[in-house]
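So the chains spell out like this:
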Number of protein chains: 2
Amino acid sequence: MKFINGGVCAAKGFSANGIHCGIRKNRTKKDLSLIFSSKIANVAAVYTTNLVKGAPLVVTKNHIENGKAQAIICNSGNANTCNANGVEIAEKTCELLAKELKIDSKDVVVASTGVIGQEMSLEPFEKGMNALVSGLGDNSNAAEEGIMTTDTIAKSVAVAFEIDGIECKIGGIAKGSGMIHPDMATMLVFITTDCAISNEMLSKALKSDIQSTFNMVSVDGDTSTNDMVVVLANGEAKNAEITSEGKAFDIFMKALNSVTIALCKMIAGDGEGATKLIECNVCGAKNEDIAKKVAKSVICSSLVKSAMFGADANWGRVLCAIGYSKCDVDVSKIDVEFVASTGKILVCKNGSGVEFSEELAKQILLEKEVNIDINLNDGNSQATAWGCDLTYDYVKINGDYRT
Amino acid sequence: MKFINGGVCAAKGFSANGIHCGIRKNRTKKDLSLIFSSKIANVAAVYTTNLVKGAPLVVTKNHIENGKAQAIICNSGNANTCNANGVEIAEKTCELLAKELKIDSKDVVVASTGVIGQEMSLEPFEKGMNALVSGLGDNSNAAEEGIMTTDTIAKSVAVAFEIDGIECKIGGIAKGSGMIHPDMATMLVFITTDCAISNEMLSKALKSDIQSTFNMVSVDGDTSTNDMVVVLANGEAKNAEITSEGKAFDIFMKALNSVTIALCKMIAGDGEGATKLIECNVCGAKNEDIAKKVAKSVICSSLVKSAMFGADANWGRVLCAIGYSKCDVDVSKIDVEFVASTGKILVCKNGSGVEFSEELAKQILLEKEVNIDINLNDGNSQATAWGCDLTYDYVKINGDYRT
């Protein structure tokens, strides 16, 4: 398996585009993206568990009930959530696109991201649809840009892998910077693959993968109303279709996992206002559930996040966050280390402080990627969660997001 | 019932003091406080549910098993948590005080607040104990100061009330600014009353009261390791002891509730970095549990808190936070209003936006106390939660708390 370029256009038979159609006032910012498969594809998706759901999720869920899709359209600048006519707008968007692509509107996945509760007009979609479709090509970059909100970097990854000597590819793009605390699903992630895989196995792969990837990311504890992850698999690689568990499925799972973990790290590292990516690795847990809960509790703590921003080795806050995770752990066995590519430092052993060099700790915590490694010394299970630091800029971005 | 001065010294038979004994380097900041009852008192207490517990909590729990206490000693500057010899230090502190006061060290409640995981020495206690005790008097103010950490204002309240024509008093002091997200218990709160009330009823009153008061406050989602609320009742008002439910108990509960709600508002409004107090009132809920969970979800949302800081009427984030509260609510029935003493504005009706004056909304959200009033239109239960805005200063304070 190797990492390659191309994002959602890396896999055979997929093209993409992104344009400015007028949903955003700022003409330099793209606001509408399209991903298209030349052949109808199997599709699997997971959605936010937030009870307040964007209208596009309702429409998409209905459209892909038959396990098939051919296009994904997504706008930024307006979440189309808490709008009285939201479902109507989302349906009509699919119809406009279907007409232009000459496909069935039921084969369109629709998504939106942006401000909640703002009226939405169909007009920009009407105006832009022709340009969006006619510009389809090897333009994963443009599609990435079209779904960005407060993201500062476009997020894209792809890998090539082999199944029975046949090369397959899988690639994805993501947006997500704030309102990120996935629960069952995640931010917006669109993944394409030319690997032939049945609906059932595609869905199984996705649902299993997100438990240890997107569901382990938090930027601010706010579970979005518009989260979804969608995977399209069009079979264009011509491998024997994966229809059951086994070696080929394992290879596919591994490739999918490489893509999703890379996107997780990009999302957490580009959290609103973040200056660094925080990875929390928990090992030695009694079971995986405990490992996950402890890891998430630590990366969600505002106090830990603020300390990381200040490069302050205030490990007591890590212990505090473990303590309120409601997990059955033995505090007197816990070890904590801060780790970066430049070195590592033990700050807590058996639940109590150890002497350490504040200077070295500072040096480690000033890196762009910092790991908080926790050993519960209480079993053999482990988990990883990703987050970021809490900064002035998070507050600034969110103090006047709408204006 | 009327509000009076005097804090923890308002009730008969109580005296207090606060000094600088050397736990903090800064000599202008008090770091040790004492509350003393001339007569042994009934005591009730609740503690943090954080699994990582400060050593003083362990010692206190043991000391007051018999329901009696006569003194409360509390230091700031060091939490005495995650220290190998923490229990020994806390026990010796009680012994030093008991010797000076000529009481049994088992009748001492001990508490600490400050940095977690820093070694603690008995020396400052030894040096300061004589001055602490000899300065006992009508010094609630000094005791308030001695327990402050990042608090910007001292927090104190007292009320006078009558039971069967006999005047009773109840007063309290609190500290708490960061690491505040109580669960079963709360930040540090010490309450004194001269009302005669049995151990059983005192405990019942406290445990019932905190459910709708301290447990409904959040500053940053981090449940502290050192939380406790302690009430001392010395009976010096000479009323007939309250030993069962009934009119006298109701009056006592009401007086206690006035004290705890006032302290809750002070704590939330003085949250680390906060520029304003946010009160979230939820009504029309199917049951009280839903009302409480919705109210807490809203005041805990980093996005809502940031919007409040920016005086941005971004009500979609309020809906989002209700949506991920995991409560059975009908989104299409929800109304949201922003309310301040100067006016109010409806921003969401039946789960969708309504037209409103952004100018008026801004004016309301710029006030020092802002209410977010939510009607779920789904039943008759209600709840209130208190929090604050998320600001640059929260990040600043917590980026380098130890240094």
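Residues numbered from 1 in each chain as written. Chains lettered and ligands numbered in written order. Predicted model: local features only at pLDDT ≥ 70, side-chain atom pairs only at ≥ 80, totals over all residues. Heavy atoms only, no water.

> I would appreciate a short explanation of the packing of helix α1 (residues 55-63) of chain B against helix α2 (residues 86-101) of chain B in the present structure.
Each packed pair of helices is defined by two parameters, the angle between the axes and the distance between the axes. All names here are of chain B. Between α1 and α2, whose axes approach to 8 Å, the crossing angle comes to 55°. As summarised for this structure, α1 and α2 are arranged oblique, according to the angle between their axes. Like other packed secondary-structure pairs, α1 and α2 cross with a definite hand, here right-handed. Contacts from A55, P56, V59, N62 and H63 in α1 reach G86, V87, A90, E91 and C94 in α2. Within the contact of α1 with α2, the residues separate by chemical class into six nonpolar, three polar and one charged. (Axes fitted to C-alpha atoms, helices over the stretch in contact; angles between N-to-C directions. Helix = DSSP H or I, 4+ residues; strand = E, 2+ residues; numbered from the N terminus. Parallel < 35°, antiparallel > 145°, perpendicular 65-115°, else oblique. Left-handed = near helix turned anticlockwise from the far one by under 90°. Contact = heavy atoms within 4.5 Å. Nonpolar A, V, L, I, M, F, W, Y, C, P; charged D, E, K, R; others polar.)

> For this particular structure, what's the right way to read the relation of the copies chain B and chain A?
For the pair chain B and chain A, the relating rotation is 180°, the translation along its axis is 0.0 Å, and the fit reaches an RMSD of 0.0 Å. On this basis, the relationship between the two copies can be described by a two-fold rotation axis. No C-alpha of chain B lies nearer the rotation axis than that of Y392 of chain B, which sits 2.4 Å from it. Most of the interface of chain B is mirrored in chain A: 100% of its interface residues are interface residues there too. (Least-squares fit on C-alpha atoms with pLDDT ≥ 70 in both.)

> What should I look at first to understand the sheet that holds strand β13 (residues 352-353) of chain B in this one?
The pairing of strands in a sheet happens through backbone hydrogen bonds and is either parallel or antiparallel. Residue and element names in this part refer to chain B. One open sheet accounts for six strands, arranged β13-β12-β11-β14-β10-β15; its pairing is mixed. If you trace the sheet from one side to the other, it starts and ends with β13 and β15 (381-388), each paired once. In this sheet, β13 lies alongside strand β12 (residues 343-349) in antiparallel orientation, the contact comprising two bridges. When the bridges of β13 are listed, C348 appears paired with G353. Where helix α8 (residues 302-309) meets the sheet, its contacts fall on β10 (277-285), β11 (335-340), β14 (369-375) and β15, and the angle it forms with β14 comes to roughly 135°. Each of β11, β12 and β14 touches helix α10 (residues 358-365); the most contacted strand, β12, lies at about 120° to it. (Pairing = 2+ DSSP bridges.)

> I would appreciate a short explanation of the interface of chain B and chain A in the present structure.
Listed as interface residues are 55 residues of chain B and, on the opposing side, 56 residues of chain A. The junction of chain B with chain A conceals about 4,200 Å² of combined surface from both sides, 57% of it contributed by carbon and sulfur atoms. Along the contact surface separating chain B from chain A lie zero salt bridges. Viewed at the interface, chain A and chain B are joined by nine residue pairs in polar contact (both at pLDDT 80 or more). Those elements that provide at least two residues to the side of chain B that touches chain A are α8, α9 (316-323), β13 and α11 (392-399) of chain B. By residue number, the principal contributor to the side of chain B that touches chain A is α11 of chain B, which donates six residues. Looking at the side of chain B that touches chain A residue by residue, the class counts come to 23 nonpolar, 21 polar and 11 charged. (Buried area = accessible area lost by both parts, 1.4 Å probe. Salt bridge = Lys/Arg side-chain N within 4 Å of Asp/Glu carboxyl O. Polar contact = N/O pair within 3.5 Å; in protein donor to acceptor, adjacent residues only side chain to side chain.)

> Can you walk me through the layout of surface pockets in this structure?
Empty space among the atoms can be located by rolling a probe the size of a water molecule over them. In this structure, the second largest pocket encloses a volume near 1,300 Å³. Forming the boundary of the second largest pocket are 45 residues, of which K25, G77, N78, V115 and Q118 of chain A lie nearest the centre. Of all elements in the fold, only α3 (123-134) and α11 (392-399) of chain A together with β13 of chain B reach the threshold of two or more residues within the lining of the second largest pocket. It is α3 of chain A that contributes the most residues to the lining of the second largest pocket, four residues altogether. Looking at the lining of the second largest pocket residue by residue, the class counts come to 15 nonpolar, 18 polar and 12 charged. (1 Å grid on protein atoms, 1.4 Å probe; cavity = no way out; pocket = protein on both sides within 12 Å on 5 of 7 lines; lining within 4 Å. Points joined across faces, edges and corners; volume = space filled by probe spheres on them.)

> What should I look at first to understand the nonpolar core in this one?
A general tendency of soluble globular proteins is for nonpolar side chains to be buried together. One finds F252, F338, I372 and I374 of chain A to be the most contacted residues of the largest nonpolar core, which totals 94 residues. The element that contributes the greatest number of residues to this core is helix α6 (residues 247-269) of chain A, accounting for 11 residues. Excluding anything up to four places from it in sequence, I372 of chain A contacts I278, E279, C280, N281, V298, V304, M308, V318, V336, E337 and F338 of chain A. Counting residues in hydrophobic clusters, the runner-up holds 84 residues, among them V52 of chain A together with M216, A313 and I374 of chain B. (Core = buried A, V, L, I, M, F, W, Y, C linked by side-chain atoms within 4.5 Å. Buried < 20%, exposed > 50% of the residue type's maximum accessible area, 1.4 Å probe, protein only.)

Geometry only, nothing functional implied.
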